[in-house]
Amino acid sequence: MNLQSTKKLHRLITTQTPTWFWLSLVVFAAALPRLALLRTSSVFHDEAWSILCARLPVWEMISLIRADAGEPLYFILLKMWISVFGPGEVSCASLSLLFSLVNIVLLFIFARSLFGDRVALVAALFFGFNGLDFHFSTHIRFYPLLTMVSILSYFSFLMALTRERSIAWFTVVSLFGFYTHSYYWFICFSQFLVLLIFARAHIPRFLLAGIPVALAYAPWFFLVFVHQMSGYVGTYMETNLERVDGIGGALLMLGASFSTKHSIPQWSGLIVLCGVGVFLADTIVRWRKDRELSKERRTALMLIVLYVGAVGTPIFISIEKPIYWMNHYDVALIPISTILLAYMICSLEFGRTAKIARAVLCIVIPVLAMPYLRWELVTKMDGDRAGVRELALDLTDDDIIITTGLSYVQTNYYLDLYELQFKELILYPPDLTPKRPQYLASRFKRDPQSKDELLSYVTDLAEELEPRAFRRIFVFYKEDELTEPLKREFDSHFADLGQIPVPQHPWGPTHDKILVYGKKVESSS
């Protein structure tokens, strides 16, 4: 072996190998809590909706997605995944888990290309123990995929801009982004801001790269996206809680914590904001002194503009026309916030004091995610699964099941998963599917004629079932304006045989009990 080969081997062992070794440890450590969370809760409504869409033929799936905020890419991938691994809870959730763990490696590669190994390892650590990513890493939804395309989009964008690499990667990733989630528009706008501030000469180049993306996305945009936005921007579905929670989550960036509505302190989000403030102040002082910024500082300023643009755009829109579910959009911004925070921590100076501060922060920030992890592990969130399992112990071919309100999607999922046999399944209200229940519930509450139609349907249903042959009727029930008429009519037409309690789901139970009815026994005079 010659001297040059020896030097290369020595460099590989002393630099690259330890870096990848430490990254492997981070990924392994981050995988443990995610595996612990794998299906601690039963499939929630939105997750069951994802599985329902993925199991349909493609054209039916696309029709159903019109009522969702997502785009088709995740559902197509989930469809392929289910065809190989089956529709079980763990198998479906494992796709999101895989995305989440791959994202740690992608984030490391992204951060290392910008700021080197040390920043990349710290960023990977922060991302690996991010509470919001914990939450979505085992959910059967498109959010881990949205995080992935945001990492790849920012990565390919900055590589094409700062190092003038090929822009083709950016074009492909952008197309994937638009077909992953409608909120990808905000990421693109933040990138345009960077071009406007730092690289106006590159604007024509990126606009040309966007032409094939626009052409490929145009069919979906006109057929589905416009319909989605009419339902998710400034409609009756938006509430003050969602608006405050969404803007608050976006502002604080959820550096390593979780959403405000779960009462988990967002201290790490505040740390991100304080770090950005300190970094900007230090950068201004350096620029006034030297009139020149290092390449790393300039790149960090670009990240801050990406961060401000991606967060500020939906906030600005929300002032006039609130955006629903904006708090979920935070998953696309975790990569920028964690890289920024890691860079600022690793940029600390002052000798030994800086080393101690870095070590403390690298321990404290992941620890801030632990309250959420504990909350989900110890909270009973298996109500839908538990309810159907208990029902399965006594269900026969002569029983009728009525699913109500939000319960119908996940109830149907578990009935199908456990291959339970029963006489008939009735959806209540009758036109509940394929519409999302929120739309339907709001229509019934706002429209007096719809209420009259509902009351008439309930009466007819009870009178129709009364003379028919059946053993029992099981009603998945949650008390509200839609289900109260059903209970009132069934109480008068059938015998109350009791109820099966269902553990309350902290996010809002889809049903909190299963009512059991039977034939009335006529008393002899």
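Cut-off values and rules
- Residues numbered from 1 in each chain as written.
- Predicted model: local features only at pLDDT ≥ 70, side-chain atom pairs only at ≥ 80, totals over all residues.
- Heavy atoms only, no water.
- Helix = DSSP H or I, 4+ residues; strand = E, 2+ residues; numbered from the N terminus.
- Buried < 20%, exposed > 50% of the residue type's maximum accessible area, 1.4 Å probe, protein only.
- Areas by Shrake-Rupley, 256 points an atom, 1.4 Å probe, with all protein chains shown as cover.
- Pairing = 2+ DSSP bridges.
- Axes fitted to C-alpha atoms, helices over the stretch in contact; angles between N-to-C directions.
- Contact = heavy atoms within 4.5 Å.
- Core = buried A, V, L, I, M, F, W, Y, C linked by side-chain atoms within 4.5 Å.
- Parallel < 35°, antiparallel > 145°, perpendicular 65-115°, else oblique.
- Left-handed = near helix turned anticlockwise from the far one by under 90°.
- Nonpolar A, V, L, I, M, F, W, Y, C, P; charged D, E, K, R; others polar.
- Phe/Tyr/Trp six-rings, centres within 6.5 Å; stacked < 30°, edge-to-face > 60°.
- pLDDT = per-residue confidence, 0-100.
- Polar contact = N/O pair within 3.5 Å; in protein donor to acceptor, adjacent residues only side chain to side chain.
- Patch = residues over 30% accessible without salt bridge, like charges linked within 9 Å, V, L, I, M, F, W, Y side chains within 5 Å.
- Salt bridge = Lys/Arg side-chain N within 4 Å of Asp/Glu carboxyl O.
- Expected span 1.5 Å × (residues − 1).

Within the protein, the secondary structure is distributed over 22 helices and five strands. The buried share of the protein, taken over its 525 residues, is 54%. Of the roughly 23700 Å² of accessible surface on the protein, 64% is carried by carbon and sulfur atoms.

Below, the discussion takes up the sheet that holds strand β1 (residues 400–404). Two modes of strand pairing occur in sheets, parallel and antiparallel, and in both the strands are linked by backbone hydrogen bonds. Pairing is mixed in the open sheet, where five strands are placed in the order β2-β1-β3-β5-β4. Either end of the sheet is taken by a strand with one partner, and the two such strands are β2 (424–428) and β4 (495–501). With direction set aside, neighbouring strand axes in the sheet form an average angle of 20°. Strand contacts of helix α19 (residues 408–417): β1, β2 and β3 (472–477), with the helix running at about 145° to β1, the strand carrying the most contacts.

The next subject is unusual backbone geometry. Despite not being glycine, E419 has its phi angle at roughly 50°, a positive value. Of note, E419 is situated in the loop between α19 and β2. The class for E419 is exposed, based on a relative accessible area of 64%.

Glancing now at the nonpolar core. With 119 residues, the main nonpolar core has Y74, F157 and L303 as its most contacted residues. Counting residues in each nonpolar core, the second largest holds 19 residues, with I473, F490, F494 and Y517 among its members.

Let us look at the packing of helix α4 (residues 72–85) against helix α5 (residues 89–115). Between α4 and α5, the least distance of the axes is 9 Å, while the angle of their chain directions is 125°. Accordingly, the angle class assigned to the pair α4 and α5 is oblique. Between α4 and α5 lies a crossing whose hand is right-handed. Residues Y74, L77, L78, W81, I82 and F85 of α4 touch α5, and the partners they reach there are S91, C92, S94, L95, S96, L98 and F99. Its residues assigned to classes, the contact of α4 with α5 shows 10 nonpolar, three polar and no charged.

With that settled, consider the packing of aromatic side chains. Summed over all chains, the structure comprises 27 aromatic pairs. Their ring planes at 75° and their centres at 5.9 Å tell us that F470 and F494 sit as a pair that is edge-to-face. Taken together, the residues F470 in the loop between α21 (448–465) and β3 and F494 in the loop between α22 (484–493) and β4 connect sequence positions 24 residues apart. In terms of burial, F470 and F494 fall into one category: buried. A connected cluster of aromatic rings, assembled from ring pairs, spans F178, Y179, Y184, W185, Y217 and W220.

Averaged over all residues, the pLDDT of the protein equals 78, while 74% of them reach at least 70. Looking across the protein, the model is least confident in helix α12 (residues 240–252), with a mean pLDDT of 39, and most confident in α5, with 95. Note on residues 232–268: pLDDT under 50 across the span, and 104 contacts to partners over four residues away in sequence or across chains.

Taking burial as the measure, the 10 residues of helix α2 (residues 45–54) include nine buried ones, the bulk of the element. Of the residues making up α2, those classed as buried are H45, D46, E47, A48, W49, S50, I51, C53 and A54.

With that settled, the discussion passes to the side chain of T338. In this structure, T338 sits in helix α15 (residues 334–346). Engagement of the side chain of T338 in a polar contact is seen with the backbone oxygen of P335, the distance being 3.0 Å.

Okay, a nonpolar patch on the surface next. A cluster of nonpolar side chains, namely I356, V360, I363, V364 and V367, defines an oily patch on the protein surface of about 430 Å² accessible area. Tracing the chain through its elements places V364 in helix α16 (residues 352–367).

Let us now look at the pattern of salt bridges. Counted under the stated rule, the structure contains 10 salt bridges. For D416, the salt bridge goes to R55, with nearest N and O atoms at 3.0 Å. A residue pair is termed long-range when its members are at least 10 positions apart, and D416 in helix α19 and R55 in the loop between α2 and α3 (58–65) qualify at 361 residues. Of the charged contacts, one joins E484 and R488 as a salt bridge, the two residues approaching to 2.4 Å between their closest N and O atoms. With E484 and R488 both in helix α22, this residue pair falls four residues apart, about one helical turn. Under the relative-accessibility criterion, R488 is labelled partly exposed at 40%.

Relative to the 16 Å expected for 12 residues at 1.5 Å per residue, helix α6 (residues 117–128) spans 16 Å between its end C-alpha atoms, a close match to the ideal helical length. When we look at burial in α6, the residues that qualify are V119, A120, V122, A123, A124, F126, F127 and G128.

Glancing now at the pairing of β1. Most of β1 sits inside the fold, with five of its five residues counted as buried. Residues I400, I402 and T404 point to one face of β1 and I401 and T403 to the other, with burial holding for every one of them. Sheet topology places β1 next to β2; five bridges connect them, and they run parallel. In the sheet register, T404 faces β2, and the bridge partner there is Y428. Where β1 lies against β3, four bridges are found, and the strand directions are parallel. Looking at the pairing, T403 lines up with F476 of β3.

We now examine the packing of α6 against α15. Running from amino to carboxyl end, α6 crosses α15 at an angle of 130°, the nearest separation of the two axes being 8 Å. One element, α6, and the other, α15, form an angle in the oblique class. Crossing of α6 against α15: the hand is right-handed. Between α6, through R118, V119, V122, A123, F126 and F127, and α15, the contact on the second element is made entirely by I334, T338, I339, L341, A342, Y343, I345 and C346. When grouped by side-chain class, the residues that make up the contact of α6 with α15 number 12 nonpolar, one polar and one charged.

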